[in-house]
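What follows is each chain in one-letter form.
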Amino acid sequence: MSEQIIETIVGPLVVRDTGRDGTLPTAVLWHSLFVDSRSWARVEPSLARERRLVLVTGPGHGASGDPGRRYTMAECAEAARQVLGRLGIEGAVDWIGNAWGGHVGILLAAQHPDLVRTLVTAGTPVRAYTWKGRQRTRLLLALYRVLGPARFLVDILSQVLLSPRTAASDPDAVAMVGEEFRAADRRAMANAIVSISLRRRDLTPVLSAIHAPTLFLTGSEHSDWTGEQARAAAATLAAGSAAVIDGAAYLLPLERPDEFVRAVAEFWIQASRSSDGQSARKGRRPSST
C-alpha cells in the first residue's frame, strides 16, 4: 500500500492507497474522531479483495496536518473531493465513513452525487450533538488542553468509543485507541475536537439530497445513535437501509470487524443488483401493440 501527503483545503492529509486495479471499483475510507486510518486495520484485508482502498487520515490526526484555523465538515467533504482529483480517480466511489467519516460522506454524497456510488456510515449520528455529549466533550477538551493524552483521559475515551464488551475482552483494541489518540499533534487534535465535534450541526436536512444507496450502521452500545434513530434516517432516503451490529459502540470496524465486513459486502451486492435492475429497465424498449 502506497502512502502520500495530499494538500487540501483542510491541510496536508496522509492518504494510503492499495493502488490501481482496473478490475476493482474504488472505496474511500475516512475514520472516526480521536483515532486515525489505522483503525481500519482489521477490515482492510477483506475489503481490499473487493475494492481498491483509499484511506484518508483526517486533519489533526495521525501524521496529517490541519489548516491552522477552525474548519467545517463541509470543508472536509471538499478535501475528500480534492483527494479523489489528485489521485486521478474518475467516476463514483463507494464511501465508508466511521463516525466523523460518515458525516463527511453524507455531505459529499449530497453535494457531489456524481462522486458517490454507495454510502456506508458506521456509528454516525445524523442529528445535532446532544447537550450531554457536548458537555462531555467540552470537559474532555479542557482536560486534554492542560494535560495532553494522559492515561486517565485515554481510559475515559476508550470507555466512550468502545463497548463494555470490547473494553473488557479486547486489549488490542483498547491499546489501538490509546496509541492513535496519543500519536496526534496536541494543538491540531484540540482544533479537530472543536471544529468537527463541538461545532457539528444537524445533517438531517441534507439527507433528502442523497440519491446513492445508503447504509446506516450502528452498534448496539452506541448511546448517541440507536438502531431506531438509524432506521428513521434510512426511511427518509429513496434507497436507505440500516442495521445494528451487536456488541459495538462507535468503532464498529475495530470492535466487530467480521460483522462489519459482512454487512458492507451484503450491502454492496444488493446495491449492485438494484443498479443492474434499473439499468435493465431503462434499456428495455416498450412493447408495440
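Figured I'd write up the structure that's included with this text. Not measured: the values here are computed from a predicted model.

**Remarks on the overall build of the protein**
Regarding its fold elements, the protein presents eleven helices and eight strands. Within the protein, the proportion of its 289 residues that are buried is 53%. Long-range pairs, those at least 24 residues apart, make up 78% of the contacts in the protein between residues at least 6 apart in sequence. Accessible area for the protein stands at about 12800 Å²; split by element, carbon and sulfur atoms hold 52% of it. A gap of 5 Å separates the mean positions of the 34 positive and 29 negative side-chain charges of the protein.

**Let's talk about the sheet that holds strand 4 (residues 52–56)**
Taken in spatial order, the eight strands make up an open sheet running 1-2-4-3-5-6-7-8, and their pairing is mixed. Two strands lie at the open edges of the sheet, namely strand 1 (2–8) and strand 8 (240–245), each paired on one side alone. Adjacent strand axes in the sheet meet at a mean angle of 20°, parallel and antiparallel pairs treated alike. Pairing between strand 5 (residues 93–98) and strand 6 (residues 116–122): six bridges, direction parallel. Residue pairing for strand 6: W95 is matched across the bridge by L119. In this fold helix 3 (residues 100–111) packs onto strand 3 (26–30), strand 5, strand 6 and strand 7 (214–219), with an angle of close to 145° to the strand it touches most, strand 5. Here helix 9 (residues 227–235) sits on the sheet in contact with strand 7 and strand 8, set at roughly 165° to strand 8.

**Here we look at the side chain of R200**
Within the secondary structure, R200 sits in the loop between helix 8 (186–198) and strand 7. No salt bridge is formed by the buried R200, whose closest oppositely charged neighbour, D224, lies at an N-O distance of 6.5 Å. In this structure, R200 is in contact with M73, H103, P125, R127, A128, Y129 and R134, ignoring residues within four places of it in sequence.

**Comments concerning a nonpolar patch on the surface**
Taken together, V146, L147, F152 and I156 make up a surface patch of nonpolar side chains, about 360 Å² in accessible area. Counting residues per element, the ones that place at least two in the nonpolar patch are helix 4 (131–147) and helix 5 (151–161). Mapped onto the fold, I156 is located in helix 5.

**Digging into the packing of aromatic side chains**
Under the defined criterion, the tally for this structure stands at six aromatic pairs. Measuring from ring centre to ring centre gives 6.5 Å for F216 and W225, while their planes differ by 70°; the resulting arrangement is edge-to-face. These aromatic residues form a ring-pair network of at least three members: W30, W95 and W100. Sitting over the ring of W268, R51 keeps its end group 3.9 Å from the ring centre.

**Side note on the side chain of S64**
Within the secondary structure, S64 sits in the loop between strand 4 and helix 2 (73–87). When its relative accessible area of 7% is taken as the criterion, S64 is described as buried. A polar contact is formed between the side chain of S64 and the backbone nitrogen of V14, at a distance of 2.8 Å.

**A short note on the pairing of strand 8**
Looking along a regular strand, one sees the side chains alternate between the two faces of the sheet. The sheet contact formed by strand 7 and strand 8 spans six bridges and is parallel. From the neighbouring strand, T214 faces strand 8, where its bridge partner is G240.

**Here we look at helix 4**
The first and last C-alpha atoms of helix 4 sit 24 Å apart over 17 residues, in line with the 24 Å expected at 1.5 Å per residue. When helix 4 is considered as a whole, its buried residues turn out to be G133, R134, T137, L140, L141 and Y144. What you see down the axis of helix 4 is that its buried residues fit within an arc of 130°, all on one side. Helix 4 presents W131, K132, L139 and V146 as exposed residues on the side facing more than 90 degrees away from its buried surface. Looking at the buried positions of helix 4, the neighbouring elements they touch are helix 5, helix 7 (171–183) and helix 8.

**Points about the packing of helix 5 against helix 7**
Contact geometry of helix 5 with helix 7 gives a least axis separation of 10 Å together with a crossing angle of 120°. Taken together, the axis directions place helix 5 and helix 7 in an arrangement best described as oblique. Both helix 5 and helix 7 take part in a crossing whose hand is right-handed. Contact residues: R151, V154, L157, S158 and L161 in helix 5; V174, V177, G178, F181 and R182 in helix 7. Class assignment for the residues of the contact of helix 5 with helix 7 results in six nonpolar, two polar and two charged.

**Overview of the nonpolar core**
Counting residues in each nonpolar core, the largest one holds 70 residues, and the members touching the most others are W30, F34, W95, V104, I106 and F216. Broken down by element, the residue count for this core peaks at eight residues, all from helix 2. When near neighbours in sequence (up to four residues on either side) are disregarded, V104 contacts W30, M73, C76, A77, A80 and W95. Core analysis: the second largest hydrophobic core is formed by 21 residues, L53, A248, V261 and W268 among them.

About the criteria used
All residue numbers refer to position in the chain's written sequence, counted from 1. The predicted origin of the model limits local features to residues at a pLDDT of at least 70 and limits the giving and counting of side-chain atom pairs to 80 or more, whereas totals for whole chains, interfaces and linings rest on all residues. Side-chain descriptors were evaluated using all non-hydrogen atoms of the structure, hydrogens and water having been removed beforehand. Secondary structure elements are taken from DSSP: a helix is a run of H or I of four residues or more, a strand is a run of E of two residues or more, and numbering for both begins at the N terminus. Only protein chains enter the accessibility calculation, which uses a 1.4 Å probe; a residue is then buried when its area is under 20% of its type maximum, exposed when over 50%, and partly exposed in between. The contact rule is simple, with two residues in contact once any of their heavy atoms fall within 4.5 Å. In short, Shrake-Rupley with a 1.4 Å probe defines the accessible areas, and a residue's cover is counted only from the protein chains shown. By the counting rule applied here, Lys and Arg register as positive and Asp and Glu as negative, while His and the ends of each chain are not counted. Charged groups are reduced to one reference atom each: NZ for lysine, CZ for arginine, CG for aspartic acid, CD for glutamic acid. Strands are treated as partners if at least two bridges between them are detected by DSSP. For every element, the axis is a line fit to its C-alpha atoms; helices are fit only across the contacting stretch, and the angle between N-to-C directions ranges from 0 to 180 degrees. When a carboxyl oxygen of Asp or Glu lies within 4 Å of a side-chain nitrogen of Lys or Arg, that pair is called a salt bridge. Patches were defined on residues exceeding 30% relative accessible area and lacking a salt bridge, with like-charge contacts within 9 Å and nonpolar side-chain contacts (Val, Leu, Ile, Met, Phe, Trp, Tyr) within 5 Å. Each aromatic pair joins two rings of Phe, Tyr and Trp (for Trp, the six-membered one) with centres within 6.5 Å, and gets the label stacked for planes under 30 degrees apart, edge-to-face for over 60, and tilted for any other angle. In this scheme, Lys NZ or Arg CZ marks a charge over a ring once it lies within 6 Å of the ring centre and within 35 degrees of the ring normal. Between N or O atoms, a polar contact is any pair within 3.5 Å; within protein, one atom must be a potential hydrogen donor and the other a potential acceptor, and residues adjacent in sequence are included only when both atoms are from side chains. Here the expected length of a helix is defined as 1.5 Å per residue gap, with one fewer gap than residues. For this quantity, the arc is that covered by the directions from the helix axis to the C-beta atoms. Should an angle lie under 35 degrees it is considered roughly parallel, over 145 roughly antiparallel, and from 65 to 115 roughly perpendicular; all remaining angles are considered oblique. Here a crossing is called left-handed whenever its near helix is offset anticlockwise from the far helix by less than a right angle, and right-handed whenever the offset is clockwise. Residues were grouped as follows: Ala, Val, Leu, Ile, Met, Phe, Trp, Tyr, Cys and Pro as nonpolar; Asp, Glu, Lys and Arg as charged; and all remaining residues, including Gly, as polar. Residues belong to a common nonpolar core when they are buried Ala, Val, Leu, Ile, Met, Phe, Trp, Tyr or Cys residues joined through side-chain atoms within 4.5 Å.

Note that all results are geometric; they support no functional claim without further evidence.
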